[in-house]
Amino acid sequence: MPNKATVRSPSNIAFIKYWGARDLEHAIPENPSLSMTLKECTSLCTVEHRDGDGAHEVLWRAPDPADGGGFETAPPAFASRVERHLDRLRDWTGCGGRFRVATENTFPAAAGIASSASGFSALTLAVLAALGREASVEEQSELARLSGSGSASRSVLGGYVEWPADGAGERCHARQVAPAEHWDLRDVIAVVESGPKQTSSLDGHRRARTSPYFETRLERLPERYAAVRDAVLARDFARLGPLIEAEAIDLHTIAMTSEPAIFYWQPATLEVLAAVRSMRGDGLEAWSTLDAGANVHVICTPTSEPEVAGRLAGLAAVEKVLRDGVGPGPALEDQHLL
Ligand code: DP6
């Protein structure tokens, strides 16, 4: 039986956002979401299973290269979230023992790009692989979701992925709408804010219902959701673009009108949004979306991508540009971190 495994898992960008939970502890969402799994922004995680009692050990590579770049004991807040998930997975598999974990991201965690979706997806799959434990893709998605990072439930799958909101208890998992080969879309990420965001997504979900616009969004969502899904299936970029930008603006409207209000946007965010609008005026196929942060994901076609990336890099407001695109999902790796 294997006792060590390494998994690389990608992050994802939501076209329809998970925002607000019926059961936050188990990450049961109020609304369905739909995302594109990325290719370059990934987490790499090695898990080693050991017999006997004792504490888990969680190592990470410090996100800031100035910290030395080697593996070190993860800080307490991060380590305890990982340890709780390891306990949960241990209970599910009934394996006993303890785990050693090492994790790192290919993208700068300090760049404010969500790393919990990729990180908890990689951790979940690496534990299952280290134990030689077969799990269906539905079970993998459910287990990743139980980490508390709901978006991790979508990262266990590649391509275009939906996560319905109609499950109950354990039964709530993502499924693939179309594989990566279906449609080559790109995500050029304009990083305008480095460092962790002030308000976590968890707090955002918690406050979402306090916004007077929350119910309005839920009422309008089925129509938008169906339209986004259809546009993805039809590879209709002209239809998809305006829908995803409107969806991101709705999410941030709710955040800004929650009590207390959450302002993820920075002045630089508005500058990028305006630049993307003017790129469209010049004939480029590019639309913006944002997760719970200030950075702008510019979704574009392969033809427009080089020009979009070049123009974003030229903006004073942009610290760096990450070029990514749709990818096939997680994979086992031969090289271990431990
Ligand atoms: C705005 O609770 O999954 O990205 O664990 O921080 O990634 P993290 O957050 P999670 O909420 C995701 C919120 C979102 C929209 C989305 O990805 O659906």
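All of these numbers come straight from a predicted model, not from anything done at the bench.

Draft legend 1. Quick look at the site of the ligand. Around the ligand, the surrounding shell holds 13 residues, and the nearest of these are Y18, S116, S149, S151 and R154. Take Y18: an N or O atom from its main chain is 2.8 Å from an oxygen atom of the ligand. In the environment of the ligand, an oxygen atom lies 2.9 Å from a nitrogen or oxygen atom belonging to the side chain of H205. When isolated, the ligand has an accessible area of 450 Å², and the protein chains bury 94% of it. Grouping the constituent residues of the shell around the ligand by class yields four nonpolar, six polar and three charged. Inspection of the shell around the ligand shows a minimum of three residues originating in each of domain 1 (4-179) and domain 2 (186-325).

Draft legend 2. Geometry of the sheet that holds strand β12 (residues 296-300). The four strands lie next to each other as β11-β12-β10-β13, forming an open sheet whose pairing is antiparallel. Each edge of the open sheet is held by one strand with a lone partner, namely β11 (286-289) and β13 (320-325). Geometrically, the sheet is characterised by an average inter-axis angle of 25 degrees between neighbouring strands, direction not taken into account. Strand contacts of helix α7 (residues 237-256): β11 and β12, with the helix running at about 25 degrees to β11, the strand carrying the most contacts. Against the sheet, helix α8 (residues 267-281) makes contact with β10 (186-191), β11 and β12, and its axis sits at roughly 160 degrees relative to β11, the strand it touches most.

Draft legend 3. Looking closely at the pairing of β10. Taken across its six residues, β10 has five buried, putting it largely inside the fold. Summarising the sheet, β10 and β12 pair through five bridges and their orientation is antiparallel. Residue V188 lies in a different strand from β12, and its bridge partner there is V298. Here β10 pairs with β13 via six bridges, running antiparallel. Bridging across to β13, A190 finds its partner in V321.

Draft legend 4. Molecular detail of the pairing of strand β4 (residues 33-50). Burial of β4 is extensive: 15 of the 18 residues sit out of reach of the surface. Sheet topology note: the strand β1 (residues 4-16)/β4 ladder contains eleven bridges and is antiparallel. Across the sheet, the residue bridging to A14 is S35, located in β4. Where β4 meets strand β7 (residues 98-105), eight bridges bridge the pair, whose relative direction is antiparallel. For L44, the partnering residue across the bridge sits in β7 and is E104.

Draft legend 5. Just the domain arrangement of the chain, in detail. Its domain assignment divides the chain into domain 1 (4-179) and domain 2 (186-325). Summarising the inter-unit geometry, the C-alpha centres of domain 1 and domain 2 are found 23 Å apart. Facing 33 residues of domain 1, the contacting portion of domain 2 comprises 43 residues. When the buried area of domain 1 at its contact with domain 2 is split by residue, F15, K17 and W19 rank highest and sum to 27% of it. Taken together, the connections running from domain 1 to domain 2 amount to three salt bridges. Residues R229 and E162 are paired through a salt bridge, measuring 2.8 Å at the closest nitrogen-oxygen approach. Run the count over domain 1 and domain 2 and you get 14 residue pairs in polar contact (both at pLDDT 80 or more). Elements represented by at least two residues in the side of domain 1 that touches domain 2 include exactly β1, β4, β8 (160-163) and β9 (175-178).

Thresholds applied
- Residues numbered from 1 in each chain as written.
- Predicted model: local features only at pLDDT ≥ 70, side-chain atom pairs only at ≥ 80, totals over all residues.
- Heavy atoms only, no water.
- Near = heavy atom within 4 Å.
- Polar contact = N/O pair within 3.5 Å; in protein donor to acceptor, adjacent residues only side chain to side chain.
- Areas by Shrake-Rupley, 256 points an atom, 1.4 Å probe, with all protein chains shown as cover.
- Nonpolar A, V, L, I, M, F, W, Y, C, P; charged D, E, K, R; others polar.
- Domains from an automatic or database assignment.
- Pairing = 2+ DSSP bridges.
- Helix = DSSP H or I, 4+ residues; strand = E, 2+ residues; numbered from the N terminus.
- Axes fitted to C-alpha atoms, helices over the stretch in contact; angles between N-to-C directions.
- Contact = heavy atoms within 4.5 Å.
- Buried < 20%, exposed > 50% of the residue type's maximum accessible area, 1.4 Å probe, protein only.
- Buried area = accessible area lost by both parts, 1.4 Å probe.
- Salt bridge = Lys/Arg side-chain N within 4 Å of Asp/Glu carboxyl O.

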